[in-house]
Amino acid sequence: MATERGKKPRRTSQRASWGRKVLLGSALTAATAVIGTAAVVVGSAAAIARRVVVPSAKSDEDITILGVDLNARPATVTLSRSPHSVLAGTPGEYSLWFAQGAGHAVVGKILSEDDRSVTREIVRRGFGDLERARRGRMNGWVWLSPGGAGVDFRPVAVTAEHGLNPAWLFPGGAHASTWVLHVHGHGSKRAETLRGVVSLVPWGFTQMAVSYRNDGEAHRSDDGRYALGDREWRDVD
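So, here is what we can say about the structure in this document. Just so you know, these numbers come straight off a predicted model, no measurement behind them.

**So, the overall build of the protein**
Working step 1: Within the protein, the regular secondary structure consists of 4 helices and 10 strands.
Working step 2: Traced from its N-terminal end to its C-terminal end, the protein shows the element sequence α-β-β-β-β-β-β-α-β-β-β-α-β-α.
Working step 3: Here the protein holds 237 residues, and the buried ones make up 31% of them.
Working step 4: Across the protein, the fraction of contacts at a sequence separation of at least 24, relative to all contacts at a separation of at least 6, is 61%.
Working step 5: Summed over all atoms, the accessible surface of the protein reaches about 14,600 Å², with 57% contributed by carbon and sulfur.

**A few points about the pairing of strand β6 (residues 135-139)**
Working step 1: Relative to β6, strand β1 (residues 63-69) is paired through 2 bridges, and the arrangement is antiparallel. Paired with T64 across the bridge in β6 is R135.
Working step 2: Relative to β6, strand β3 (residues 94-98) is paired through 4 bridges, and the arrangement is antiparallel. By the bridge assignment for β6, L96 is matched with M138.

**Examining the side chain of H104**
Working step 1: Topologically, H104 is positioned in strand β4 (residues 103-113).
Working step 2: Once residues lying within four places of it in the same chain are set aside, the contact partners of H104 are S95, L96, W97, F98, R125, G126, F127, V142 and L144.

**Some remarks on the side chain of R190**
Working step 1: Residue placement: R190 occurs in the loop between β9 (175-183) and α3 (194-200).
Working step 2: R190 sits in the buried class, given a relative accessible area of 8%.
Working step 3: At a separation of 3.0 Å, a polar atom in the side chain of R190 contacts the side chain of E217.
Working step 4: Residues in contact with R190, not counting those within four places in the same chain, are P166, A167, W168, H184, A209, V210, S211 and E217.

Rules of the game
- Residues numbered from 1 in each chain as written.
- Predicted model: local features only at pLDDT ≥ 70, side-chain atom pairs only at ≥ 80, totals over all residues.
- Heavy atoms only, no water.
- Helix = DSSP H or I, 4+ residues; strand = E, 2+ residues; numbered from the N terminus.
- Buried < 20%, exposed > 50% of the residue type's maximum accessible area, 1.4 Å probe, protein only.
- Contact = heavy atoms within 4.5 Å.
- Areas by Shrake-Rupley, 256 points an atom, 1.4 Å probe, with all protein chains shown as cover.
- Pairing = 2+ DSSP bridges.
- Polar contact = N/O pair within 3.5 Å; in protein donor to acceptor, adjacent residues only side chain to side chain.

If you want it as structure tokens, here you go:
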């Protein structure tokens, strides 16, 4: 009995040892999970930050082009619709870009639609082979040049920190002494501002649409990155 009683403490000690190992293993697993999650969060944040400040050579083509009928009257294009491509089913005229910006068309009236697709009128075809396109994206500016928008203009250059930046000057009329400066948004170009220019022409203001560093039209900065306005303002001031 003394021998058996002597063995019991060893069994208890073994159980305690195994308990400590289990707890240690669980703690290490939890710590690894936390570190892994943190790494994913940091990696995702870095990727998002890079996407915001580094001009992208590719565009997110979030719409599937399901079909094109150029023989229809009017010609039509059928697009997928999803929460990520809400413009596909939004009334109005929009640019449809495809082939990573190498193709362009303008779509208009919605002719038919269901839960998964929408068929729209093709208002005009710009460039590229729409019939071969499989993916695309849409945005709200439909004029690619002042000439296409039907407004008088003069190409000029604005002296900036990294050289001469191209701009469009729109002469004014009755209120020519009042100037309106149009600055396009992040990741876009001067043509985006033409919808605003056209709307103000009847007022007779003098207008100018400018470019700025790293927008693909003006000079590139030394680091080639967007500064979210922190440095770009120097080009348009």
